[in-house]
Amino acid sequence: MTVNRDKTGVRRAVFTPVDTLARVDAVVRRLGDAIDLGLLADGEQLPGESDLAAQLGVSTVTLREALMALRQRGLVTTRRGRGGGSFVTVPDGPAEDRLLARLADWSTEELRDLADHWAAVSGAAARLAARRTEPADLRQLQRSLGELMDAKESGARSRIYGRFHVELAAAAQSARLTREEVTLQTEVGALLRLVLHDDDLLADAADRHRAVISAVHDGADDRARALAEQCVQTSMARLIELRLGPAGDASGPRPKEAPDGQQPPSRTRRIGAA
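What comes next concerns the included structure.

Reading the values: the criteria
Residues numbered from 1 in each chain as written. Predicted model: local features only at pLDDT ≥ 70, side-chain atom pairs only at ≥ 80, totals over all residues. Heavy atoms only, no water. Helix = DSSP H or I, 4+ residues; strand = E, 2+ residues; numbered from the N terminus. Buried < 20%, exposed > 50% of the residue type's maximum accessible area, 1.4 Å probe, protein only. Contact = heavy atoms within 4.5 Å. Areas by Shrake-Rupley, 256 points an atom, 1.4 Å probe, with all protein chains shown as cover. Expected span 1.5 Å × (residues − 1). Polar contact = N/O pair within 3.5 Å; in protein donor to acceptor, adjacent residues only side chain to side chain. Salt bridge = Lys/Arg side-chain N within 4 Å of Asp/Glu carboxyl O. Pairing = 2+ DSSP bridges. Core = buried A, V, L, I, M, F, W, Y, C linked by side-chain atoms within 4.5 Å. Phe/Tyr/Trp six-rings, centres within 6.5 Å; stacked < 30°, edge-to-face > 60°. Lys NZ or Arg CZ within 6 Å of the ring centre and 35° of its normal. Axes fitted to C-alpha atoms, helices over the stretch in contact; angles between N-to-C directions. Parallel < 35°, antiparallel > 145°, perpendicular 65-115°, else oblique. Left-handed = near helix turned anticlockwise from the far one by under 90°. Nonpolar A, V, L, I, M, F, W, Y, C, P; charged D, E, K, R; others polar.

A short note on the overall build of the chain
So, step 1. Looking only at helices and strands, the chain has 12 helices and two strands in total.
So, step 2. From first element to last, N terminus to C terminus, the chain shows the α and β order α-α-α-α-β-β-α-α-α-α-α-α-α-α.
So, step 3. The burial tally for the chain puts 48% of its 274 residues in the buried class.
So, step 4. Here the analysis covers contacts within the chain between residues at least 6 apart in sequence; of these, 69% occur between residues at least 24 apart.
So, step 5. Working note: accessible area of the chain is about 13200 Å², and carbon and sulfur atoms make up 50% of it.

Pasting the structure below:
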């Protein structure tokens, strides 16, 4: 799988149907993350409202509400009249601030559920890859590992990290798992920038990716599955820690929670807490 094919697949997943009850929030997350990942470029015109709503599987009313929310965040500009439409706008200022605000939109329960789902998909992909892949077919995974170790910027690190898991699913020779990995990257890829700036976490992720490749190469399917699951769960655990924020830090996205996701009895839950 080439990088260009990967990018085309990821962009296609940006506009796949949204299958969630909170459809406005889901559209905002989908398009907002795509903008922060660079999948939708600054100044790029989005499809027309009716076409975009159909591609996302939502009503035009839902789409208009989502576009309004994106405009309020400074991520979309709408122009009226001839040559008008909705255009991507990458705001000035640190991307980290925008991502922290977006992280606050996720409850810890949602993040844990996403982690479980992603780990299950990547684990299944690694297990099948260990059974089906020839050693010569691992070159792309090894190339991505090298690029991940060399990447200096958090945005590049998150893209390569996600690409590795997409390539792992492709190595499993499963079209469904590959599509699912691509879709997952549109949900979580941008948020991983918040933790992959940490050089220690990057080194740990690279070691885990290396171990997955080794297990796949050896045909050790159960070990490959366990390692891929641990890789995802470790990164997501760091993201959940960030979401919880330091104890007593009122500036964090949400108040501190107990490890089981419940509010400690000594604290008062704030409005909007997870």
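Quick word on helix H11 (residues 199-218)
So, step 1. When the terminal C-alpha atoms of H11 are compared, their 29 Å separation across 20 residues agrees well with the 28 Å that a helix rising 1.5 Å per residue should span.
So, step 2. Considered for burial, the residues of H11 that qualify are Leu201, Leu202, Ala205, Ala206, His209, Val212, Ile213, Ala215 and Val216.
So, step 3. Buried residues along H11 sit against helix H6 (108-132), helix H7 (139-150), helix H8 (154-171), helix H10 (193-196) and helix H12 (221-244).
So, step 4. Capping the start of H11 is the job of one residue whose side-chain oxygen sits 2.8 Å from the backbone nitrogen of Asp200: Asp198.
So, step 5. Looking at the residues trailing H11, positive phi occurs at Gly219, about 75 degrees.

Section: the pattern of salt bridges
So, step 1. Under the definition given, this model contains 12 salt bridges.
So, step 2. The residue Arg131 makes a salt bridge to Asp221 at a minimum N-O spacing of 2.9 Å. Taken together, the positions of Arg131 in helix H6 and Asp221 in helix H12 put the pair 90 residues apart, joining distant regions of the chain.
So, step 3. The salt bridge involving Arg208 is made with Asp204; its shortest N-O contact spans 2.8 Å. Of this pair, Arg208 and Asp204 both sit in helix H11, four residues apart, which is roughly one turn of the helix.
So, step 4. Relative accessible area serves as the criterion here: at 22%, Arg208 is assigned to the partly exposed category.
So, step 5. A network of salt bridges, in which partner residues are shared, links Glu147, Arg163 and Glu167.

Things to note about the pairing of strand E1 (residues 76-79)
So, step 1. The pairing of E1 with strand E2 (residues 85-88) spans four bridges and is classified as antiparallel. The residue of E2 that forms the bridge with Val76 is Val88.
So, step 2. In this structure, the hairpin formed by E1 and E2 is closed by a connection of five residues, where Gly81 is found at a positive phi of approximately 85 degrees.

As for the nonpolar core
So, step 1. In this structure, Trp118, Tyr161, Leu168, Met236 and Leu239 are the most contacted members of the largest nonpolar core, which totals 52 residues.
So, step 2. Sorting the residues of this core by element identifies helix H5 (95-103), H6, H7, H8, helix H9 (175-188), H10, H11 and H12 as the ones contributing at least two each.
So, step 3. Excluding residues within four positions of it along the chain, Leu168 makes contact with Ser122, Ala125, Ala126, Ala129, Leu141, Val212, Val216 and Ala228.
So, step 4. In terms of nonpolar packing, the next biggest core, distinct from the first, is built from 20 residues, Leu31, Leu67, Leu75 and Val88 among them.

Some remarks on unusual backbone geometry
So, step 1. Unlike most non-glycine residues, Gln173 shows phi in positive territory, near 60 degrees.
So, step 2. Relative to the assigned elements, Gln173 resides in the loop between H8 and H9.
So, step 3. Accessibility expressed as a relative area gives 52% for Gln173, which makes it exposed.

Here's the deal with the side chain of Ser86
So, step 1. Secondary-structure assignment places Ser86 in strand E2.
So, step 2. Within the structure, Ser86 has its side chain in polar contact with the side chain of Thr78 (distance 3.3 Å).

Details of the packing of aromatic side chains
In this description, an aromatic ring pair is defined by two values, namely the gap between the centres and the angle between the planes.
So, step 1. The final tally for this structure, using the stated rule, is one aromatic pair.
So, step 2. Taking the centre distance of 6.1 Å and the plane angle of 70 degrees together, the rings of Trp118 and Tyr161 count as edge-to-face. Here Tyr161 lies in helix H8 and Trp118 lies in helix H6, a separation of 43 residues in the sequence. Across the pair, exposure class does not vary: Trp118 and Tyr161 are buried alike.
So, step 3. Against the face of Trp106 rests Arg29, its NZ or CZ located 3.8 Å from the ring centre.
So, step 4. One Lys or Arg, Arg79, reaches over the ring of Phe87 and ends 3.9 Å from the middle of that ring.

Description of the packing of H11 against H12
So, step 1. Taken N-terminus to C-terminus, the directions of H11 and H12 make an angle of 165 degrees; their axes are 8 Å apart at the nearest point. Put simply, H11 runs roughly antiparallel to H12. Crossing angle aside, the handedness with which H11 passes H12 is left-handed. On H12, the residues that touch Leu201, Asp204, Arg208, His209, Ala211, Val212, Ala215, Val216 and Asp218 of H11 are Arg223, Ala224, Leu227, Ala228, Gln230, Cys231, Thr234 and Arg238.
So, step 2. When its residues are assigned to classes, the contact of H11 with H12 shows nine nonpolar, three polar and five charged.

Shape descriptors only; they carry no functional weight alone.
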